[in-house]
Structures are given as structure tokens and as C-alpha cells.
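# Structural characterization, general
Read off the chains here:
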Amino acid sequence: MLGWAAITGEVHAFALILFLIIFAWTPPHFWALAIYRREEYAGVGLPMLPVTHGVKFTRWQILFYTIVLILITLLPYLTGMSGLIYLAGTCVLNAGFLGYAIALLNNRNERLAMDMFNYSVLYLMALFAILLV
């Protein structure tokens, strides 16, 4: 948002959409890592969600925020900020993200949480790359 405002002199709705994407992406990204590193966070007294509310609750929150993220990532297309290439690309990326979130609900292997974390890094990079196209 700061870069957009510095270049254009205003905070445009498109800049807010970009902010919302990052805002909604952050919780499932970090909570997936927090599930995987739960014991370490608990050991040093860091109150991450899986430590304070449990892994089951965190998995449901990851799913909820993933759904919110999916809806927000449709906004660039719906507002005319992007075109059909973005819509197609984001749908594919969102299917992968949602797949991980659903799998995480039903799979107790915490390695899957780390896989989701790694996917989320690639997801964000690919999402913004597609937006540039």
C-alpha cells in the first residue's frame, strides 16, 4: 500500500485488495508452521494458536481463513484489476490451498502442516506473478 501511495499519491481500492490478500494469507500460512513447531513454541512459552487453543481448533481456523483468502483473491478479477488469466491461475492455486486445508483437518500427520506452509510460500509468489501477467 505504501508503494502504491508513493507512486500514485493516493490509496486506491486496488492497493487495499493487495493488502487484503496478504492479510488473509498470513494466518493459515503461519498457523500451519505453528502446528508443525507446536512443541518448540510451547517450550519457550510463545502463545501461538496451537499452543493456546489446541491443534484441532487451529486446523479449523486454517480452513476458515483459507476460504476467506479464496474469496478475497477473486476480488482482482471481480473489480477489473485483472483478467481471465489471473482468474484461471488463482482458481488453480486456490484449489491447492483449499486441498491442503481440508487434508489438514482429516490427517494427523504434522508433516502435512509443513507441506502446507511450504505451498503457501509458493502460492503467494505465484499469485502475484499471475497478477502481473
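Scroll up for the structure.
Residues numbered from 1 in each chain as written. Predicted model: local features only at pLDDT ≥ 70, side-chain atom pairs only at ≥ 80, totals over all residues. Heavy atoms only, no water.

## Comments concerning the overall build of the protein chain
When helices and strands are counted, the protein chain shows 8 helices and 0 strands. Starting at the N terminus and walking to the C terminus, you meet the elements of the protein chain as α-α-α-α-α-α-α-α. If you line up the protein chain on its principal axes, its C-alpha atoms span 45 × 30 × 20 Å. For the protein chain, with 133 residues in total, the buried portion stands at 37%. A separation of at least 24 residues holds for 65% of the contacts in the protein chain among residues at least 6 apart in sequence. If you sum the accessible surface of the protein chain, you get close to 7,300 Å²; carbon and sulfur atoms cover 71% of it. (Helix = DSSP H or I, 4+ residues; strand = E, 2+ residues; numbered from the N terminus. Buried < 20%, exposed > 50% of the residue type's maximum accessible area, 1.4 Å probe, protein only. Contact = heavy atoms within 4.5 Å. Areas by Shrake-Rupley, 256 points an atom, 1.4 Å probe, with all protein chains shown as cover.)

## Quick look at the packing of aromatic side chains
Throughout the structure, instances matching the rule amount to 7 aromatic pairs. Taking the centre distance of 5.2 Å and the plane angle of 80° together, the rings of Trp31 and Tyr65 count as edge-to-face. On the criterion of sequence distance, the pair formed by Trp31 in helix H2 (residues 13–36) and Tyr65 in helix H5 (residues 55–73) is long-range, its members being 34 residues apart. Put simply, the rings of Phe97, Tyr100, Tyr119 and Tyr123 pair up and form one aromatic cluster. (Phe/Tyr/Trp six-rings, centres within 6.5 Å; stacked < 30°, edge-to-face > 60°.)

## With respect to the packing of H2 against H5
Running from amino to carboxyl end, H2 crosses H5 at an angle of 155°, the nearest separation of the two axes being 9 Å. Taken together, the axis directions place H2 and H5 in an arrangement best described as roughly antiparallel. Judged by the twist between their axes, the crossing of H2 over H5 is left-handed. Residues Ile17, Leu20, Ile21, Ala24, Trp25, Pro27, Pro28, Trp31, Ala32 and Ile35 of H2 pack against Val55, Thr58, Arg59, Gln61, Ile62, Tyr65, Thr66, Val68, Leu69, Ile72 and Thr73 of H5. (Axes fitted to C-alpha atoms, helices over the stretch in contact; angles between N-to-C directions. Parallel < 35°, antiparallel > 145°, perpendicular 65-115°, else oblique. Left-handed = near helix turned anticlockwise from the far one by under 90°.)

## So, H5
For H5, built from 19 residues, the straight-helix expectation of 27 Å at 1.5 Å per residue is met to within 8% by its first-to-last C-alpha distance of 26 Å. Taken together, the buried positions of H5 are occupied by Val55, Thr58, Arg59, Ile62, Leu63, Thr66, Leu69, Ile70, Ile72 and Thr73. (Expected span 1.5 Å × (residues − 1).)

## Description of the nonpolar core
Of all hydrophobic cores here, the largest spans 32 residues; its most connected members are Ile21, Ile62, Leu69, Phe97, Leu104, Met116 and Tyr123. Residue assignment for this core shows that the elements contributing at least two residues are H2, H5, helix H7 (84–106) and helix H8 (110–132). For this core, the element with the highest residue contribution is H8, accounting for 10 residues. In contact with Phe97, not counting residues within four places along its chain, are Trp25, Pro28, Thr66, Leu69, Met116, Tyr119, Ser120 and Tyr123. (Core = buried A, V, L, I, M, F, W, Y, C linked by side-chain atoms within 4.5 Å.)

## Some points on a nonpolar patch on the surface
A grouping of Met1, Val11, Leu16, Phe19, Leu20 and Phe23 is seen on the molecular surface, where their side chains present a nonpolar patch of about 550 Å² in accessible area. On the secondary structure map, Leu16 appears in helix H2. (Patch = residues over 30% accessible without salt bridge, like charges linked within 9 Å, V, L, I, M, F, W, Y side chains within 5 Å. Salt bridge = Lys/Arg side-chain N within 4 Å of Asp/Glu carboxyl O.)

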